[in-house]
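Listed here are the chains, written in short residue letters.
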Amino acid sequence: MKPVAKSRTPRRRVEEILLNGPATIRDISQLAGMSEKDVSSHLPHVDKSLAARGQKLTISPYSCVSCGFVFESKKRFKKPGRCPKCKCERMEEAVFQIEG
Ligand SMILES: [Zn+2]
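Colleague: Just give me the short version of the sheet that holds strand β5 (residues 95-99), but keep the residues and values in it.
Modeller: On the basis of which strands lie adjacent, the open sheet formed by three strands has the order β1-β5-β2 and antiparallel pairing. Every other strand in the sheet has two partners, leaving β1 (23-24) and β2 (56-60) as the edge strands with one partner each. Looking at chain direction, β2 and β5 are connected through five bridges and run antiparallel. Along β5, the bridge assignment pairs isoleucine 59 with phenylalanine 96.

Next comes the structure, spelled out in structure tokens:
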């Protein structure tokens, strides 16, 4: 993956990074030069603009590092705070990918 030009709007940068291939929120934050929190807040909008063009943002869900609990929600863009099962706060990163 290659860094994206800074001249674009943040949302557009997030979208372009995802068009280059699958990425985690951490990957996107590094490539786009914004915080992970900002990336999470842009993703729902990126999802909507993709849907308008007949594309889809797919997510391999977050899971708990310690017990393997999977956060099944298909629209979970934000990293979960802690595992509801074992209360562990370490999560396996979700991977975002554009389809279509
Ligand atoms: Zn757990």
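Okay, back to it.
Colleague: A description of unusual backbone geometry should follow, citing residues and the corresponding values.
Modeller: Its identity is not glycine, yet lysine 87 carries a phi of approximately 65°, on the positive side. Checked against the element boundaries, lysine 87 lands in the loop between β3 (63-64) and β4 (91-92). Assessed through its relative accessible area of 48%, lysine 87 is described here as partly exposed.

Colleague: Tell me about the packing of aromatic side chains, residues and numbers included.
Modeller: What the rule picks out here adds up to two aromatic pairs. Seen in terms of ring centroids, phenylalanine 69 and phenylalanine 71 are 5.0 Å apart; in terms of plane orientation they differ by 85°. Their pairing is edge-to-face. Measuring from centroid to centroid gives 6.2 Å for phenylalanine 77 and phenylalanine 96, while their planes differ by 20°, and the two rings are stacked. Of the two residues, phenylalanine 77 is situated in the loop between β3 and β4 and phenylalanine 96 in strand β5; the sequence distance between them amounts to 19 residues. Comparing phenylalanine 77 with phenylalanine 96, the two get one shared label, buried.

Colleague: Account for the coordination of the zinc ion, with residues named and values stated.
Modeller: The zinc ion binds to the protein through Cys64 (SG), Cys67 (SG), Cys83 (SG) and Cys86 (SG); the donor distances cover 2.3 to 2.4 Å. Taken together, the four donor atoms coordinating the zinc ion span angles of 103 to 115° at the metal, a pattern that classifies the geometry as tetrahedral. Between consecutive donor residues of the zinc ion, the sequence gaps follow C-x2-C-x15-C-x2-C. Taken together, the residues cysteine 64 in strand β3 and cysteine 83 in the loop between β3 and β4 connect sequence positions 19 residues apart. For the pair cysteine 64 and cysteine 83, one class covers both residues: buried.

Criteria and cut-off values
- Residues numbered from 1 in each chain as written.
- Predicted model: local features only at pLDDT ≥ 70, side-chain atom pairs only at ≥ 80, totals over all residues.
- Heavy atoms only, no water.
- Pairing = 2+ DSSP bridges.
- Helix = DSSP H or I, 4+ residues; strand = E, 2+ residues; numbered from the N terminus.
- Buried < 20%, exposed > 50% of the residue type's maximum accessible area, 1.4 Å probe, protein only.
- Phe/Tyr/Trp six-rings, centres within 6.5 Å; stacked < 30°, edge-to-face > 60°.
- Donors = N, O, S within 2.8 Å, 3.2 Å for Na, K, Ca; no water.
- Tetrahedral: all angles 85-135°; square planar, octahedral: opposite > 155°, others 65-115°.

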